[in-house]
Amino acid sequence: MDIPIPLAIGIGLIFLFIQFAIIEAAVKRGIDASDTHERIEEWKESQEKDGNKED
């Protein structure tokens, strides 16, 4: 059972595109998560400063 070369190339390109899409989504999610983490830390610091002012 031989697989035609154009079909093998096509399947390989589709597979690479799927891998690229998955990796791109993971990287974007990682960037979003780190940005969210930074904002939470900034918010915590501002809350601590506001809490210290009330004392």
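Residues numbered from 1 in each chain as written. Predicted model: local features only at pLDDT ≥ 70, side-chain atom pairs only at ≥ 80, totals over all residues. Heavy atoms only, no water.

Caption draft 1: Quick peek at the pattern of salt bridges. Scanning all chains against the criterion turns up one salt bridge. Residues Arg-39 and Asp-35 are paired through a salt bridge, measuring 3.4 Å at the closest nitrogen-oxygen approach. With Arg-39 and Asp-35 both in helix α1 (residues 5–54) and four residues apart, the pair spans about one turn of that helix. Under the relative-accessibility criterion, Arg-39 is labelled exposed at 57%. (Salt bridge = Lys/Arg side-chain N within 4 Å of Asp/Glu carboxyl O. Helix = DSSP H or I, 4+ residues; strand = E, 2+ residues; numbered from the N terminus. Buried < 20%, exposed > 50% of the residue type's maximum accessible area, 1.4 Å probe, protein only.)

Caption draft 2: Spatial organisation of a negative patch on the surface. A cluster of acidic side chains, namely Glu-38, Glu-41, Glu-42, Glu-45 and Glu-48, defines a negative patch on the protein surface. Turning to its location among the elements, Glu-38 is positioned in helix α1. Residue Glu-38 is classed as partly exposed on the basis of its relative accessible area of 48%. (Patch = residues over 30% accessible without salt bridge, like charges linked within 9 Å, V, L, I, M, F, W, Y side chains within 5 Å. Areas by Shrake-Rupley, 256 points an atom, 1.4 Å probe, with all protein chains shown as cover. Lys, Arg positive; Asp, Glu negative; His and termini not counted. Charge placed at Lys NZ, Arg CZ, Asp CG, Glu CD.)

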